[in-house]
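Fold and geometry: a report
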Amino acid sequence: MDPVNTLYFIMLFSPKLQMEIIDLQEDVSLKQYRSASTEEFWAKDAIDKYSNCKQLAINLATMFGSTYICEASLSKINFLKNKYRTKLTDSHLEDTLRISCSP
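Positions within a chain are numbered from 1, following the residues in the order the chain's sequence is written. Reporting in this predicted model follows two pLDDT cut-offs: at least 70 for local features of residues, and 80 or more for side-chain atom pairs to be given and counted; totals over whole chains, interfaces and linings ignore these cut-offs and use all residues. Hydrogens and water molecules were not included; the side-chain quantities draw on all heavy atoms of the structure.

A tally of regular secondary structure across the protein gives 5 helices and 0 strands. Strands here are runs of E lasting at least two residues and helices are runs of H or I lasting at least four, both read from the DSSP assignment and numbered beginning at the N terminus. The order of helices and strands in the protein, counted from the N terminus, is α-α-α-α-α. Expressed as a percentage of the 103 residues in the protein, the buried residues total 18%. Here, two residues are considered to be in contact whenever any of their heavy atoms come within 4.5 Å of each other. Contacts in the protein between residues at least 24 apart in sequence constitute 46% of all its contacts with a sequence separation of at least 6. Residue exposure ignores everything except the shown protein chains as possible cover, and the areas themselves are Shrake-Rupley values with a 1.4 Å probe. Accessible surface computed for the protein: about 8200 Å², of which carbon and sulfur atoms make up 61%. Think of it in three bands: residues with accessible area under 20% of the maximum for their type are buried, residues over 50% are exposed, and the middle band is partly exposed, with areas taken using a 1.4 Å probe on protein chains only.

What follows is the structure, encoded as structure tokens:
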């Protein structure tokens, strides 16, 4: 089993996390954040008492962005190192990839 998935599995079924989720759902003081964005909601100081929920939310939110960046980079490598550029050294490939992946 993948260690990352194992961590999420353990974290998801942790009794502390389950209790935090229940408390979070029932917390009346958080009703004021209903119109806030997800980033604004988790950035609030009042949310610090739900640290396990916050950590799980951060992990889930960043998981897909990093997968996209990795896939996009691999596609650029395949494009850069094609049959016409077989003599491209690793150093030159790294430089070219750095330029193509820069915003």
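For side chains bearing opposite charge, pairing can occur when the charged atoms are close. What makes a salt bridge here is a side-chain nitrogen of Lys or Arg within 4 Å of a carboxyl oxygen of Asp or Glu, nothing more. For the structure on display, the rule yields 1 salt bridge. Linking Asp27 and Lys49 is a salt bridge whose minimum nitrogen-to-oxygen distance equals 3.3 Å. Here Asp27, found in the loop between α2 (15-26) and α3 (38-43), pairs with Lys49, found in the loop between α3 and α4 (51-80); they are 22 residues apart in sequence, far enough to count as distant. Overall, the relative accessible area of 11% leaves Asp27 in the buried class.

Turning our attention to the side chain of Asp27. Engagement of the side chain of Asp27 in a polar contact is seen with the side chain of Ser29, the distance being 2.7 Å. Setting aside chain neighbours within four positions, we find Asp27 in contact with Lys49 and Tyr50. Two N or O atoms form a polar contact when they lie within 3.5 Å of each other; inside protein one atom must be a possible hydrogen donor and the other a possible acceptor, and for residues adjacent in sequence the pair counts only when both atoms belong to side chains.

A few words on the nonpolar core. Note that soluble globular proteins tend to have their nonpolar side chains buried in a common cluster. The criterion is simple. A nonpolar core is a set of buried Ala, Val, Leu, Ile, Met, Phe, Trp, Tyr and Cys residues joined through side-chain atoms within 4.5 Å. If you look at the biggest cluster of nonpolar residues, it comprises 9 residues: Leu17, Leu24, Leu30, Tyr33, Phe41, Trp42, Tyr50, Cys53 and Leu56. Counting only elements with at least two residues in this core, the list comes to α2, α3 and α4.

Right, let's get into the confidence of the model for the protein. In the predicted model, the protein carries a mean pLDDT of 75, and the fraction of residues at 70 or more is 79%. Every residue gets a pLDDT, meaning the predictor's confidence in that residue, from 0 to 100. Mean pLDDT values for the elements of the protein range from 60 in helix α1 (residues 3-12) up to 85 in α2.

Here we take up the side chain of Glu20. Position of Glu20 among the secondary structure elements: in helix α2. Neither His nor the chain ends is counted toward charge; the positive residues are Lys and Arg and the negative residues Asp and Glu. The buried charged residue Glu20 lacks any salt bridge partner; its closest oppositely charged side chain belongs to Lys16, at an N-O distance of 8.1 Å. Residues within four places of Glu20 in sequence aside, it is in contact with Lys49, Tyr50, Ser51, Asn52 and Cys53.

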